[in-house]
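# Summary of the model geometry
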Amino acid sequence: MQLRPSLLAVFFTLAISVASADAEHVVWSGLVIAENVPQPAPIPPELTTLEQTLKDLFGYNQFEVIGQSNKTLKTGEEDWLANSKYFGLHVDARGENDAGYTLNLKLYKENDVLLETDANLSKSSPLVIKGPQVGSGQLLLVLVVKDDEQAHRRRHADPANPITAGWHRLRRIIHDVLP
Amino acid sequence: MKTFEEKWTAWLDGQLSGKELAEFEASLPDLEAAEAEKRDALRLGAFLKEQLATQALSNEEFFSHQLHERIARETEDRSRDRGTSTWWTIPRLVWSGAAALALFVITTVVLMSQHQPGEQSEYLTQILNSRVDPAANPNATIYIFESKNDNKVTVLWTEGLQSLPADYAAK
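These remarks concern the structure in this document. None of the values given here were measured: they were computed from a predicted structure. (Residues numbered from 1 in each chain as written. Chains lettered and ligands numbered in written order. Predicted model: local features only at pLDDT ≥ 70, side-chain atom pairs only at ≥ 80, totals over all residues. Heavy atoms only, no water.)

## Notes on a nonpolar patch on the surface
Nonpolar side chains collect at one region of the surface, where Trp 167 of chain A together with Leu 101, Phe 104, Val 105 and Val 109 of chain B lie side by side and expose about 430 Å² of accessible area between them. Top element by residues in the nonpolar patch is helix 4 (residues 90-114) of chain B. It accounts for four residues. Among the secondary structure elements, Val 109 of chain B is positioned in helix 4. (Patch = residues over 30% accessible without salt bridge, like charges linked within 9 Å, V, L, I, M, F, W, Y side chains within 5 Å. Areas by Shrake-Rupley, 256 points an atom, 1.4 Å probe, with all protein chains shown as cover. Salt bridge = Lys/Arg side-chain N within 4 Å of Asp/Glu carboxyl O. Helix = DSSP H or I, 4+ residues; strand = E, 2+ residues; numbered from the N terminus.)

## Quick notes on the pattern of salt bridges
Taken as a whole and assessed by the stated rule, the structure comprises ten salt bridges over all chains. Between Glu 51 of chain A and Lys 55 of chain A there is a salt bridge, with its nearest N and O atoms 2.8 Å apart. With Glu 51 of chain A and Lys 55 of chain A both in helix 2 (residues 51-58) and four residues apart, the pair spans about one turn of that helix. The partly exposed category is assigned to Glu 51 of chain A, whose relative accessible area is 25%. Lys 130 of chain A serves as the salt-bridge partner of Glu 159 of chain B, at 3.7 Å between the closest nitrogen and oxygen. Linking Glu 159 of chain B in strand 3 (residues 154-159) with Lys 130 of chain A in strand 7 (residues 127-134), this pair reaches from one chain into another. Linked through salt bridges whose partners overlap, the residues forming this network are Glu 116 and Asp 118 of chain A together with Arg 131 of chain B. (Buried < 20%, exposed > 50% of the residue type's maximum accessible area, 1.4 Å probe, protein only.)

## Describing the nonpolar core
Of all hydrophobic cores here, the largest spans 33 residues; its most connected members are Phe 87, Leu 103, Leu 139 and Leu 143 of chain A. Beyond its immediate sequence surroundings of up to four residues, Leu 103 of chain A is in contact with Trp 80, Val 91, Asp 92, Ala 93, Thr 117, Asp 118, Ala 119, Leu 121 and Leu 143 of chain A. (Core = buried A, V, L, I, M, F, W, Y, C linked by side-chain atoms within 4.5 Å. Contact = heavy atoms within 4.5 Å.)

## Observations concerning the sheet that holds strand 4 (residues 87-96) of chain A
Taken in spatial order, the five strands make up an open sheet running 3(A)-4(A)-5(A)-6(A)-1(B), and their pairing is antiparallel. Across the chains shown, the open sheet's two edge strands, defined by having one partner strand only, are strand 3 (79-83) of chain A together with strand 1 (126-132) of chain B. Going from strand to strand, the sheet's axes swing by 15° on average, the running direction of each strand aside. (Pairing = 2+ DSSP bridges. Axes fitted to C-alpha atoms, helices over the stretch in contact; angles between N-to-C directions.)

## Things to note about the interface of chain A and chain B
Each partner contributes to the interface: chain A provides 54 residues, whereas chain B provides 51 residues. In total, about 4,600 Å² of surface goes out of reach between chain A and chain B, with carbon and sulfur atoms giving 60% of it. Inspection of the region where chain A meets chain B yields four salt bridges. Taking the shortest distance from any N to any O, the salt bridge between Lys 171 of chain B and Glu 64 of chain A comes out at 3.7 Å. In this structure, the connection of chain A to chain B is made through 18 residue pairs in polar contact (both at pLDDT 80 or more). For the side of chain A that touches chain B, the secondary-structure elements that each account for two or more residues are helix 1 (3-19), helix 2, strand 2 (62-73), strand 5 (100-109), strand 6 (112-122), strand 7 and helix 4 (162-177) of chain A. Taken together, the residues of the side of chain A that touches chain B break down into 27 nonpolar, 15 polar and twelve charged. As defined by bridge partners, strand 6 of chain A adjoins strand 1 of chain B across six bridges and the pair is classed as antiparallel. Among the inter-strand pairings, Asp 118 of chain A is bridged to a residue of strand 1 of chain B, identified as Asn 129 of chain B. (Buried area = accessible area lost by both parts, 1.4 Å probe. Polar contact = N/O pair within 3.5 Å; in protein donor to acceptor, adjacent residues only side chain to side chain. Nonpolar A, V, L, I, M, F, W, Y, C, P; charged D, E, K, R; others polar.)

## Focus: the side chain of Gln 62 of chain A
Residue and element names in this part refer to chain A. By the element assignment, Gln 62 lies in strand 2. The class of Gln 62 is buried, set by a relative accessible area of 12%. For Gln 62, the side chain forms a polar contact with the main-chain nitrogen of Ala 41, separated by 2.9 Å.

Written out as structure tokens, the structure reads:
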């Protein structure tokens, strides 16, 4: 009979350790002006992985960041602002789920809301929003979930926990199977 | 020197022989009556032997019957006890735990073998809803699609938003 509380304690400890294994994430939000220029500047490092996709999608050869924000999400319910001189992107995170973060985005032009959207931002799928035409270029809003630097370093130092990885895949499969 | 009774008993049992037998039979007053008595005694002996053997068998059967009854009673008690006690005995609990753990390990190994390192999540960013100010942008339309390449970019594509002068591109 002494065995049952011990088994329960072991399962509880395992569940807590697995649940606390989730890493913090940084969401990079950028206001980007895409233009075609004779001598394009190198793409900003935050957009390096998206360079070809952006070029294919919009047909511009230069992407300049005019406002940006790096926000570390701890609770998944923070809000922040990425500003340029005339534009402001307000991001209101409304919770974390298996897929990523639920966000409310508002693009301001000075005091006017140009665009509002609600999105589930996935940790592995960036969001690009085509904004208004600005001069000969185009305003783009880009949101990317990055791993927290500390978590990134920790992940490089230690190999991925196979139990946690398996647990996440199991959760994902159950999530996919159940309606 | 044997008495008459001893010699009579020995004669009935067929233990006398030779000169002793001849002398004893000669001493009997009526040999025929004695022979008849001997036959009766032998018959009685055989009958008694038979009856005693039957009784012994009967005891054995009775004992066996008692044993059967006791075994049946104990079996019934045991099954009744088993019915009232919980199924989750400690050994079963341990075995169940071990089986569950083994199942978890197998599932994890299978899932991990399907998951290649560096593989991206299957989730894509989803646009739940989107709106523009209809007063300022009456002809605005919104499209949502996903890029076809490996980046899995979700694109919210607006058309018809009011164009702005180049000054708005300032940092």
